[in-house]
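A closer look at the structure
The lines below spell out each chain.
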Amino acid sequence: MTSRIPRDSRLRLVRPRPLAAAPSAVNQRRPRRPAPRPPEGTPAPAELARMARSGLADAARVARWADGALGPGRDGAGSDGKGTLSDETAGRAVGDLGLTAAQVRAAWDTARLAGLIEVHGDSARPGWRLRAWNRDDSAVLRGWVALFDAWSLASPEPTDREPAAVAEVVSAMPQVLSFLQLSAGPVPVEQLLDLLEQRVTELRTERCEIPYGPQPEPVEEPETADAPLAPLLDWALGALASVGALTYGDGQATLTPLGSWAVWVKLEQICVAAQSPAGNIEVAAEEMLRGCAQLRPNAARAEYRAWLAARPVGSAVTELLGAARGDDALLRGLAFEALRVVGAPAEPDVRSVADEPTLRPYALLWLAEHDGIDPEDAHEVLTREEATWLWVDTAAAVADHGEAPMLVRHLESALQPTVPRLLDEVRAVGHPRTVQVLVALAAAHPDPALAKAVRRAAFQVHTGG
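Residues numbered from 1 in each chain as written. Predicted model: local features only at pLDDT ≥ 70, side-chain atom pairs only at ≥ 80, totals over all residues. Heavy atoms only, no water.

Here we come to the overall build of the protein. A tally of helices and strands in the protein yields 22 helices and five strands. Sorting the 465 residues of the protein into buried and exposed places 43% on the buried side. Considering only intrachain contacts with a sequence separation of at least 6, the fraction spanning at least 24 residues in the protein is 66%. Surface exposure of the protein reaches about 24500 Å², of which carbon and sulfur atoms provide 54%. (Helix = DSSP H or I, 4+ residues; strand = E, 2+ residues; numbered from the N terminus. Buried < 20%, exposed > 50% of the residue type's maximum accessible area, 1.4 Å probe, protein only. Contact = heavy atoms within 4.5 Å. Areas by Shrake-Rupley, 256 points an atom, 1.4 Å probe, with all protein chains shown as cover.)

What follows is about the environment of Trp 108. Looking at the element boundaries, Trp 108 is found in helix 4 (residues 101–113). For the pair Trp 108 and Arg 61, spaced 47 residues apart in the sequence, the C-alpha separation amounts to 9.4 Å.

The strand order 3-5-4 describes an open sheet built from three strands, whose pairing is antiparallel. In this open sheet, the two strands that pair with only one neighbour each are strand 3 (187–188) and strand 4 (246–249). Inspection of the sheet shows strand 4 paired to strand 5 (residues 252–255) by four bridges, in the antiparallel sense. Bridge pairing in strand 5 links Gly 249 to Gln 252. (Pairing = 2+ DSSP bridges.)

With that settled, the discussion passes to helix 17 (residues 360–370). When you tally the buried positions in helix 17, you get nine out of 11 residues, the bulk of the element. For helix 17, the set of buried residues is Pro 361, Tyr 362, Ala 363, Leu 364, Leu 365, Trp 366, Leu 367, Ala 368 and His 370. Just beyond helix 17, the residue with positive phi is Gly 372, at close to 100°.

So, about the packing of aromatic side chains. Under the defined criterion, the tally for this structure stands at three aromatic pairs. Arranged with centres 5.6 Å apart and planes meeting at 10°, the rings of Trp 144 and Phe 148 form a pair that is stacked. You can see Trp 144 and its partner Phe 148 sitting in helix 6 (residues 137–149), four residues apart, about one turn around the helix. By relative accessible area, which is 4% here, Phe 148 ends up buried. Judged by centre distance (5.5 Å) and plane angle (50°), the rings of Trp 151 and Trp 235 are tilted. Of this pair, Trp 151 sits in helix 7 (residues 151–154) while Trp 235 sits in helix 10 (residues 230–242); the two residues are 84 residues apart in sequence, bridging distant segments of the chain. Classification of Trp 235 by relative accessible area gives buried; the value is 8%. (Phe/Tyr/Trp six-rings, centres within 6.5 Å; stacked < 30°, edge-to-face > 60°.)

Now for helix 12 (residues 285–292). Of all the residues in helix 12, the buried ones are Ala 285, Met 288, Leu 289 and Cys 292. Viewed along the axis of helix 12, the buried residues span an arc of 100°, placing them on a single side of the element. Residues of helix 12 that are buried in the fold lie against helix 13 (297–309), helix 14 (313–324) and helix 15 (329–342). (Arc of directions from axis to C-beta.)

The two faces of strand 5 differ: Ala 253 and Leu 255 on one face are buried, but Gln 252 and Thr 254 on the other face are not. In terms of strand pairing, strand 3 meets strand 5 through two bridges, oriented antiparallel. Among the inter-strand pairings, Pro 188 is bridged to a residue of strand 5, identified as Gln 252.

Moving on to unusual backbone geometry. Most of the time, phi is negative for any residue but glycine, and the peptide bond is trans. The residue Ala 184 is not glycine, and still its phi comes out positive at about 55°. Summarising the element assignment, Ala 184 is placed in the loop between helix 8 (163–183) and strand 3. Overall, the relative accessible area of 71% leaves Ala 184 in the exposed class. Although it is not a glycine, Asp 250 sits at a positive phi angle of roughly 55°. Counting through the fold element by element, Asp 250 comes out in the loop between strand 4 and strand 5. Exposure remark for Asp 250: the relative accessible area of 81% places this residue in the exposed category.

Turning next to the environment of Ala 443. Within the secondary structure, Ala 443 is located in helix 21 (residues 434–444). C-alpha separation for the pair Ala 443 and Ala 404, spaced 39 residues apart in sequence, amounts to 8.3 Å.

Glancing now at the side chain of Arg 199. Secondary-structure assignment places Arg 199 in helix 9 (residues 189–206). When neighbours within four sequence positions are excluded, Arg 199 is seen to be in contact with Ala 172, Gln 175 and Glu 206.

Detailed reading of the predicted coordinates is not advisable wherever pLDDT is low. For the protein, the average pLDDT comes to 79, and 81% of its residues sit at 70 or higher. For the stretch residues 209–213, pLDDT sits under 50, and the model shows one contact to residues farther than four places along the chain or on other chains. Note that residues 218–227 has pLDDT below 50 and, in this model, four contacts with residues that lie over four places away or in other chains. (pLDDT = per-residue confidence, 0-100.)

On to a negative patch on the surface, then. A contiguous patch of negative charge on the surface is contributed by Asp 374, Glu 376, Asp 377 and Glu 380. Within the secondary structure, Glu 376 is located in the loop between helix 17 and helix 18 (384–401). Taking the relative accessible area as the measure of exposure, Glu 376 reaches 38% and is therefore partly exposed. (Patch = residues over 30% accessible without salt bridge, like charges linked within 9 Å, V, L, I, M, F, W, Y side chains within 5 Å. Salt bridge = Lys/Arg side-chain N within 4 Å of Asp/Glu carboxyl O. Lys, Arg positive; Asp, Glu negative; His and termini not counted. Charge placed at Lys NZ, Arg CZ, Asp CG, Glu CD.)

Pairing of side chains with opposite charge becomes possible as their charged atoms draw close. Counted according to the given criterion, the structure contains 23 salt bridges. Lys 266 is the partner of Asp 149 in a salt bridge, and the nearest nitrogen-oxygen pair spans 3.0 Å. Taken together, the residues Asp 149 in helix 6 and Lys 266 in helix 11 (residues 257–275) connect sequence positions 117 residues apart. Lys 266 sits in the buried class, given a relative accessible area of 17%. For Arg 360, the salt bridge is made with Glu 386, and the minimal N-O distance between the two is 2.6 Å. Of this pair, Arg 360 sits in helix 17 while Glu 386 is found in helix 18, placing the two residues 26 residues apart along the sequence. Salt bridges linked by common partners bring Glu 286, Arg 290 and Asp 328 together as one network.

Okay, here's the thing in structure tokens:
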């Protein structure tokens, strides 16, 4: 069953146009949930922003130095493609700022994670948050939360531990942080270790790591159960302390006001999602995107934010890109909408898939908007062939999930000035859904002559003509 209520479809991904005002019935909303209040004792946003500015003072200082000394950050990064500060640039910063080389590199890395510096390949430039740093408290807090989300990158992970074990601890730490937030005071590390072990065990059980077939007799392990996780908990707490989320020492850990506020914000996002009609927070990326397909844009973005808040950023981005690689073109477009909500932390992964033909147009548009190009103009970064491929992919999403009039209206978004030109170029790009799209368009279009021409083009593609 399809809805009779007009809605702002996200299917029109190519050269979006301003939408007409929605009927009044569409604008009728249920009463909004009252804005939640943070826990008693939480500092005001202005005070939280002051704390964040203080903790990120060196990062902002290095970012401003790069902005001025490097001519908006040109050639600040090394040639490893990871944004590492080059030795030459670090030496200049040491002389100009009076910091040690270690302090400069630490501040540079912090500035990248907080979005004060954006690295693109082998070059770097100031991020938009640096421009708003002194006047916009919300930009400062978003920058600090970005750093908080990337805590596992702030300190090198233990090299003597299996990557899988490190990933389990990173996935389990949101529960540890939630417990710290609810405790509202110092918590012994032994208690946190017990909680971490329980959560890791749950994660392994959820994956059903049960061996099949005959198994050898178990061998007694000389180590206690908590031995493998204790060093990883120490690393995780140290990394969180390095970004200012908690204090750690004397066998105890305590969330800072900033850390407590950030955890509360994420818990609130999760609660909102759990209470929403969609409730997609616990499902995989593909199922979440399907659930969001029927939502209006603002509601879908709220679902994306809540879904992302419940997961480590890295694994969430990997899931979204996996969903984008599937056969459903609608999910491909929605996955990149969700990646827009992720923002800067997704940039390396999006850039890495820009050479995949199926994802390239979407990735190039995402990167263009991330670089500050207006979404209305972002399509200009695509070649004619890439834009035509995207038009076909979007049309496939419309054909699969939309209604016939929507597919007819999709013709308006084509770059080609005439239908014959469009058909020629559509046939040339080699999209795997070209035949199905043309057949659906021919069946939907009310003009018999145009429908006949489209059917003929579909037949020619089908027969290799």
